[in-house]
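Residue strings, one per chain:
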Amino acid sequence: MDLRFVLDPDLTPELREQIVALWVDVTNAGGAVGFVAPVTADEVRPLATSTLYEVADGPDRLLAGYEGERLVAVLVIADNRFHLKTHWRVLKRVMVHPDTQGRGYGAALMREAERIARRLGLAALHVTVRDGLGLDRFYKRLGYREIGRLPAALRLSPTDARDEILMWLDLPTPT
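Figured I'd write up the structure that's included with this text. Since we're looking at a predicted model, the values are computed, not measured.

**Regarding the overall build of the chain**
Within the chain, the regular secondary structure consists of four helices and seven strands. Relative to a compact globule of 175 residues, whose C-alpha radius of gyration would be 16 Å, the chain shows 16 Å and is just as compact. Expressed as lengths along the three principal axes of its C-alpha atoms, the size of the chain is roughly 50 × 40 × 35 Å. When burial is assessed residue by residue, the chain has 43% of its 175 residues classed as buried. In the chain, the share of contacts with a sequence separation of at least 24, taken over all contacts with a separation of at least 6, comes to 60%. On the chain, the mean spot of the 23 positive side-chain charges and the mean spot of the 24 negative ones are 5 Å from each other.

Structure, rendered in structure tokens:
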């Protein structure tokens with residue numbers, strides 16, 4: 001596996017468009033990253049812009065994964081913006097390009113986020129998952145546990161509502 005990670009890359013216009021393109025490709029392949037397929041770059045761009053604003057000018061961090069020079073994975077390490085929750089973070093917009101599936105990039109991306117979280121002295125990581133795709137099994141293999149569900153919280157269409165699964169990874173301090 002030739003995957004290189006960059007924490008907080010320079011958010012150039014080119015990288016921003018690569019993130020939008022990745023987001024579109026992931027969504028249109030069935031990925032659960034805030035949209036329901038099919039989507040276009042014009043539909044994704046407003047949410048990408050606000051997400052990247054919180055990285056560039058706010059407290060959030062961006063982790064990018066590259067195969068060579070090609071962006072193939074991203075996630076946002078989101079600050080909770082509340083002083084009683086500074087000891088943990090939420091991982092958002094976890095994406096791996098569909099044509100790289102099966103290479104272990106998703107697990108590598110999550111392990112790198114865990115490594116960064118430990119280096120930052122965080123006590124835990126949290127991620128939410130759209131039910132019905134088997135994503136909870138992926139996160140469980142990485143040590144996350146289900147801590148709750150919001151029933152029918154995600155309305156994909158008038159006839160398709162899914163639970164939002166809340167998952168948690170404790171990061172105990174080594175003794």
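Next comes the rest of the description.
**Side note on the side chain of Glu114**
Looking at the secondary structure, you find Glu114 in helix H3 (residues 105-119). For Glu114, a relative accessible area of 19% translates into the label buried.

**Comments concerning the sheet that holds strand E6 (residues 145-157)**
Reading across the sheet, the seven strands line up as E1-E2-E3-E4-E5-E7-E6 and stay open at both edges, with mixed pairing between neighbours. A strand with exactly one partner marks an edge of an open sheet, and here the two such strands are strand E1 (4-7) and E6. Ignoring strand direction, the axes of neighbouring strands in this sheet form an average angle of 25 degrees. Where helix H1 (residues 13-28) meets the sheet, it contacts strand E2 (61-67), strand E3 (70-78) and strand E4 (88-96), and its direction lies at approximately 90 degrees from that of E3. The sheet strands contacting helix H2 (residues 41-56) are E2, E3 and E4, and the helix crosses E2 at an angle near 110 degrees.

**A look at H2**
Residues that lie three or four places apart on an α-helix share one face, since the helix turns once every 3.6 residues. A maximum bend of about 25 degrees is found in H2 at Leu47. Taken together, the buried residues of H2 touch H1, E2, E3 and E4.

**Quick word on the packing of H1 against H2**
It is the contact of H1 with H2, at a shortest axis distance of 9 Å, that shows an interaxial angle of 125 degrees. Between H1 and H2, the angle falls in the class oblique. Along this stretch, H1 crosses H2, giving a crossing that reads as right-handed. Across the interface between the two elements, Arg16, Glu17, Ile19, Val20, Trp23 and Val24 from H1 touch Ala41, Val44, Arg45, Leu47, Ala48, Thr51, Leu52 and Ala56 from H2.

**Here we look at the environment of Glu146**
Counting through the fold element by element, Glu146 comes out in strand E6. Overall, the relative accessible area of 31% leaves Glu146 in the partly exposed class. When the C-alpha atoms of Glu146 and Ile165 are compared, they prove to be 6.9 Å apart, with 19 residues separating the residues in sequence. Engagement of the side chain of Glu146 in a polar contact is seen with the side chain of Arg149, the distance being 2.8 Å.

**Observations concerning unusual backbone geometry**
Comment: phi is negative for the bulk of residues other than glycine, and the bulk of peptide bonds are trans. Residues Ala37 and Pro38 are joined by a peptide bond in cis, for which omega reads 0 degrees. A positive phi angle is found at Arg81, which is not glycine, with a value near 55 degrees. Structurally, Arg81 can be placed in the loop between E3 and E4. The class of Arg81 is partly exposed, set by a relative accessible area of 42%.

**So, the packing of aromatic side chains**
Taken as a whole and judged by the stated rule, the model has four aromatic pairs. Both rings, one in Trp23 and one in Phe35, keep their centres 6.2 Å apart while their planes meet at 75 degrees; by these two values the pair is edge-to-face. Of this pair, Trp23 sits in helix H1 while Phe35 sits in the loop between H1 and H2, and the two are 12 residues apart along the sequence. Of the two residues, Trp23 and Phe35, neither departs from the other in class, the shared state being buried. Measuring from ring centre to ring centre gives 5.0 Å for Phe138 and Tyr139, while their planes differ by 75 degrees; the resulting arrangement is edge-to-face.

What counts and how
Residues numbered from 1 in each chain as written. Predicted model: local features only at pLDDT ≥ 70, side-chain atom pairs only at ≥ 80, totals over all residues. Heavy atoms only, no water. Helix = DSSP H or I, 4+ residues; strand = E, 2+ residues; numbered from the N terminus. Rg over C-alpha atoms; globule rule 2.2 N^0.38 Å. Buried < 20%, exposed > 50% of the residue type's maximum accessible area, 1.4 Å probe, protein only. Contact = heavy atoms within 4.5 Å. Lys, Arg positive; Asp, Glu negative; His and termini not counted. Charge placed at Lys NZ, Arg CZ, Asp CG, Glu CD. Pairing = 2+ DSSP bridges. Axes fitted to C-alpha atoms, helices over the stretch in contact; angles between N-to-C directions. Bend = angle between axes of the 7 residues up to and from the residue. Parallel < 35°, antiparallel > 145°, perpendicular 65-115°, else oblique. Left-handed = near helix turned anticlockwise from the far one by under 90°. Polar contact = N/O pair within 3.5 Å; in protein donor to acceptor, adjacent residues only side chain to side chain. Phe/Tyr/Trp six-rings, centres within 6.5 Å; stacked < 30°, edge-to-face > 60°.

None of the figures reported here should be taken as evidence of function without further support.
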